[in-house]
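# Tertiary structure, described
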Amino acid sequence: MDPHQPTDGELVLELPTDVRMIEHAVQYVIGRCPTCAEEARRLNLNFRVGLTEALSNAMLYGNSRDPSKRVLVEIAFLQECIEARVTDQGDGFDPAAIPDPTTPENLSKPCGRGLFLMRKLCDEVKYNAQGNQVTLVLRLESGGLEGGVQA
């Protein structure tokens, strides 16, 4: 996805680091999705929650709530999938270093829950080498998304 030349199947947003913008931005993206009408259930849960978590992490942890920093959101509505790439202006992190929030010793710790949700609700979650960009992929079938919630 080229952030400077979006096509009809792409959407590019640059958001301020303001958590109040997250819900509006996610709703805007879902409203521009050409397959959402047929696939509302999975998209409204899986994609909505995954994108919300990615934006929250970018603003709260990546940009450290710094209002002078921005979050770049690039969405590609492809025939086979929907890809959401979220890039913050932080130093990045190592996703492998975040503890699994489902293990007994981590159940009461708040860290890692958003990453866990993204991995469970999206078909693919990929990070760049720096760790300041996450790409969420929700696969589509030939007629749109198939099935319901995957958890």
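Rules of the game
Residues numbered from 1 in each chain as written. Predicted model: local features only at pLDDT ≥ 70, side-chain atom pairs only at ≥ 80, totals over all residues. Heavy atoms only, no water. Core = buried A, V, L, I, M, F, W, Y, C linked by side-chain atoms within 4.5 Å. Buried < 20%, exposed > 50% of the residue type's maximum accessible area, 1.4 Å probe, protein only. Helix = DSSP H or I, 4+ residues; strand = E, 2+ residues; numbered from the N terminus. Contact = heavy atoms within 4.5 Å. Phe/Tyr/Trp six-rings, centres within 6.5 Å; stacked < 30°, edge-to-face > 60°. Pairing = 2+ DSSP bridges. Axes fitted to C-alpha atoms, helices over the stretch in contact; angles between N-to-C directions.

The biggest cluster of nonpolar side chains holds 30 residues, and the ones touching the most others in it are Val 29, Phe 47, Leu 51, Leu 55, Ile 75, Ile 82 and Val 86. Residue assignment for this core shows that the elements contributing at least two residues are β1 (10–16), α1 (22–31), α2 (40–62), β2 (70–77), β3 (81–87), α3 (113–121) and β5 (133–139). Considering every element that reaches this core, the biggest residue donor is α2, with 7 residues. In this structure, Leu 51 is in contact with Val 26, Val 29, Ile 75, Ala 84, Val 86 and Leu 136, ignoring residues within four places of it in sequence.

A separate point is the packing of aromatic side chains. With the rule as written, the count across this model stands at 1 aromatic pair. Ring geometry for Phe 93 versus Tyr 127: centroids 5.7 Å apart, planes at 85°, classification edge-to-face. One end of the pair, Phe 93, is in the loop between β3 and α3; the other, Tyr 127, is in strand β4 (residues 124–127), with 34 residues separating them in the sequence. For Phe 93, a relative accessible area of 34% puts it in the partly exposed group. Under the relative-accessibility criterion, Tyr 127 is labelled partly exposed at 25%.

Read from one edge of the open sheet, 5 strands run β1-β2-β3-β5-β4, paired in antiparallel fashion. Two strands close off the open sheet at either side, each with one partner strand: β1 and β4. Going from strand to strand, the sheet's axes swing by 15° on average, the running direction of each strand aside. Sheet analysis places β4 next to β5, joined by 4 bridges and oriented antiparallel. Paired with Glu 124 across the strands is Val 137, a residue of β5. This element, α1, spans β1 and β2 of the sheet and lies at about 175° to β1. α3 contacts β4 and β5 of the sheet and is inclined by roughly 130° relative to β4.

Nothing here speaks to function; it is all geometry.
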